[in-house]
Amino acid sequence: YPAMVDMQVKLHTTDTAINASLCVFIFVTAFFPLLWTTLAERYGSRPIYLISILICLVANICCAISVNIAMFIAFQAISAIGSSSIATIGGGIIAKRYAHYCILFYLISSNIFEPHQRGRAFSYYNSGVLIGPSFSPIIGGYLNQGFGWRSIFWFLSIVALCIWFGILLILPETKRPPSGESKKTNVQEEYMSTQEEESSSSKVTANSNQEKKKLNLNGLLGPLRFFRFLNVPLGAVFIGILFFTWYIINVNFARIYTYQYGLDSGTVGLCYLPLVFGSVLGGITGGKCSDATYKKQMEKVKNKDDGIPAEVRLRNPIYFASIIVSLFSLIAYGVCIQMNVHYAAGLVCIFFIGFFLVIPNVTTTTYLMDCFSRQSSAVLACSNLIRYVMGGIGSLVASDIQKVFGPAILYAVCGGIVVLVSGNIIIILINGKKWGIQRKEAGI
């Protein structure tokens, strides 16, 4: 983000065109997880990681040598094709009880998580996803200041190459082989011994795998079938609004602190730190709170046959309180920018914005994973489709709508929309039991 101003000048283009490059990246990120998810469930995560990251590597090199905005946008789209596999496949691995974290500089580890630990596990994973768009402006800002904007994409190419080798050498395959097809590991034996009810379904899966050798249109669009369960579109639209607001803030932030406050790109990058810390702390807090609520419900239904409804995570009072506080944080931020208050006041505001916007994001996503734990990658692909489409729209219109309405009105409206659309969650809570029965009848 801090390099957007310099890129606009060096590529002889407009702020809308630069925003369009980001918008294209986000839109492609929205749709291609549908492909990667289908391929990962069929061939395993490891080969898909290797192929997709290689695509990302080549595209970043081409971005670095772009001579005009059209070439840059084209290879940004190709880069998004490669990088879009990480979030959906990685999140799905967690829900399947194998959590592989691609942390900074390709450090990868694995663990096993029970349902009441899933919120915490996903919050840690999601922290890495959030650090990318939040923490990278600091590195990018100083790279741009010291070596020019092209150095950012050379740096990304090097990082992609390191991650590729890390996956090649360290990451094991996470796909469970069908029953009788290969030797089970100790973990799988323990898992199957405690989940005898799934033995019959695993045999059906083994047989059906022989019928799915060809990649067809139905396979690619298979994840979209989950939109027929109303809690998926309702939850995904709410998450999408959170990302719409998130990207409006991110895109406008660099220009505000460059033009209005006169900061250089490196310092602007540092100014993203409050957003980084707020987002990471908010994600961890949201994950732990949702797990605590889930665990408390486990103690209540112990030795009962009713089970634990996934909606229990959404009944945490901190969940709805964070939505209300995010509204006031957005209003305060807009007023500070509008009145040209010292830039430190805006930084305090974006810390709270990051903190309180991420809590409902992590909790709602974990809820969707609980509802469809066996098809979590597909459900996450549906959620990512909506949230990245909304994020792309936000990044494209961010500059123009701020010019029209001004910061105070814009961010107050964004906060109001977040509160309004949170009504989707209330609808889910009201109909959760009925929809849970429908999922069971559908064999989900």
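Since the model is a prediction, treat every value here as computed from it, not as a measurement.

Draft legend 1. Inspection of the overall build of the protein chain at higher detail. In terms of helices and strands, the protein chain carries 19 helices and 0 strands. Taking all 444 residues of the protein chain together, the buried fraction comes to 53%. Surface accessibility of the protein chain: about 19700 Å² in total, with carbon and sulfur atoms responsible for 66%.

Draft legend 2. Focus on the packing of aromatic side chains. Summed over all chains, the structure comprises 20 aromatic pairs. Consider the rings of Phe-226 and Phe-372, whose centres lie 5.4 Å apart with planes at 75 degrees: the pair is edge-to-face. Of the two residues, Phe-226 sits in the loop between helix 11 (217–220) and helix 12 (231–260) while Phe-372 sits in the loop between helix 16 (343–371) and helix 17 (376–405), which places them 146 residues apart along the sequence. Their ring planes at 85 degrees and their centres at 5.3 Å tell us that Phe-351 and Phe-352 sit as a pair that is edge-to-face. With relative accessibility at 37%, the residue Phe-352 sits in the partly exposed group. In textbook terms, an aromatic cluster arises when at least three aromatic residues are bridged by ring pairs, as seen for Phe-253, Tyr-257, Tyr-261, Tyr-272 and Tyr-343. Above the face of the Phe-372 ring, Arg-439 is positioned so that its terminal group lies 5.7 Å from the ring centre.

Draft legend 3. View of the packing of helix 2 (residues 15–31) against helix 5 (residues 69–83). At a closest axis distance of 8 Å, the pairing of helix 2 and helix 5 adopts a crossing angle of 25 degrees. Relative to helix 5, the element helix 2 lies roughly parallel. Handedness of the crossing formed by helix 2 with helix 5: right-handed. In contact with Ala-17, Ile-18, Ser-21, Val-24, Phe-25, Val-28 and Thr-29 of helix 2, helix 5 contributes Ile-69, Phe-72, Ile-73, Gln-76, Ala-77, Ser-79, Ala-80, Ile-81 and Ser-83. Of the residues belonging to the contact of helix 2 with helix 5, the class tally is 11 nonpolar, 5 polar and no charged.

Draft legend 4. The arrangement of the nonpolar core in detail. Membership of the largest hydrophobic core comes to 75 residues, with the highest contact counts inside it found for Phe-238, Phe-253, Tyr-257, Tyr-333 and Tyr-411. The element contributing the most residues to this core is helix 12, with 17 residues. Excluding its chain neighbours within four sequence positions, the residues that come into contact with Tyr-257 are Gly-262, Leu-263, Val-268, Cys-271, Tyr-333, Ile-337, Tyr-343, Gly-346 and Leu-347. Val-28, Trp-36, Leu-39 and Ala-40 belong to the second-largest nonpolar core, a separate cluster that totals 8 residues.

Draft legend 5. A look at the environment of Thr-38. Examined against the element boundaries, Thr-38 turns out to sit in helix 3 (residues 33–43). A relative accessible area of 8% places Thr-38 in the buried class. When the C-alpha positions of Thr-38 and Ala-381 are compared, they lie 9.8 Å apart, and in sequence the two are 343 residues distant.

Draft legend 6. Summary view of the pattern of salt bridges. Counting across every chain of the model gives 4 salt bridges. Taking the shortest distance from any N to any O, the salt bridge between Lys-403 and Asp-15 comes out at 3.0 Å. Taken together, the residues span a long stretch of sequence, with Lys-403 in helix 17 and Asp-15 in helix 2 at a distance of 388 residues. Lys-403 sits in the exposed class, given a relative accessible area of 59%. What makes Asp-15 buried here is its relative accessible area of 14%. Within the structure, one salt-bridge network assembled from shared partners comprises Asp-291, Arg-313 and Asp-370.

Draft legend 7. Structural view of helix 2. End to end, helix 2 covers 25 Å across 17 residues, agreeing with the expected 24 Å (1.5 Å per residue, within 8%). Among the 17 residues of helix 2, 12 are classified as buried, and the element is accordingly described as predominantly covered. By the burial criterion, the buried members of helix 2 are Asp-15, Ala-17, Ile-18, Asn-19, Ala-20, Ser-21, Leu-22, Cys-23, Ile-26, Val-28, Thr-29 and Ala-30.

Draft legend 8. Inspection of unusual backbone geometry at higher detail. In this structure, His-12 takes a positive phi of about 55 degrees despite not being glycine. Structurally, His-12 is set in the loop between helix 1 (4–10) and helix 2. The phi torsion at Asn-340 lies on the positive side, around 55 degrees, for a residue other than glycine. For Asn-340, the location among the structural elements is in the loop between helix 15 (317–338) and helix 16. Overall, the relative accessible area of 46% leaves Asn-340 in the partly exposed class.

Quick notes on the rules
For every chain, the first residue of the written sequence is number 1, and numbering continues from 1 along that sequence. In keeping with the predicted nature of the model, local features appear solely for residues at pLDDT of at least 70, side-chain atom pairs appear and are counted solely at 80 or more, and the whole-chain, interface and lining totals rest on all residues. Just so you know, side-chain values use all the structure's heavy atoms and leave hydrogens and water out. Secondary structure follows DSSP: runs of H or I at least 4 residues long count as helices, runs of E at least 2 residues long count as strands, and numbering of each begins at the N terminus. Each residue is assigned to one of three classes by its accessible area relative to the maximum for its type, calculated with a 1.4 Å probe on protein chains only: buried under 20%, partly exposed between the two thresholds, exposed over 50%. Per-residue and other accessible areas were derived by the Shrake-Rupley procedure at a 1.4 Å probe size, with only the shown protein chains allowed to occlude residues. Note on aromatic contacts: the rings of Phe and Tyr and the six-membered ring of Trp form a pair at centre separations within 6.5 Å, being stacked when their planes are under 30 degrees apart, edge-to-face when over 60 apart, and tilted otherwise. Definition used: whenever NZ (Lys) or CZ (Arg) falls within 6 Å of the ring centre and also within 35 degrees of the ring normal, the charge is taken to sit over that ring. For helices, the axis comes from a line fit to the C-alpha atoms of the stretch in contact; other axes are also lines fit to C-alpha atoms, and the angle between any two N-to-C directions lies between 0 and 180 degrees. Note that the term roughly parallel is reserved for angles under 35 degrees, roughly antiparallel for angles over 145, roughly perpendicular for angles of 65 to 115, and oblique for everything else. For any helix crossing, the convention is left-handed if the near helix is rotated counterclockwise from the far helix by under a right angle, and right-handed if that rotation is clockwise. Residues are treated as being in contact if the distance between any of their heavy atoms lies within 4.5 Å. All amino acids are sorted into three groups, where Ala, Val, Leu, Ile, Met, Phe, Trp, Tyr, Cys and Pro are nonpolar, Asp, Glu, Lys and Arg are charged, and the leftover types, Gly among them, are polar. Buried Ala, Val, Leu, Ile, Met, Phe, Trp, Tyr and Cys residues that are joined via side-chain atoms within 4.5 Å together make up what is termed a nonpolar core. The working definition used for a salt bridge is a side-chain nitrogen of Lys or Arg within 4 Å of a carboxyl oxygen of Asp or Glu. What a helix should span is 1.5 Å times the count of its residues minus one.

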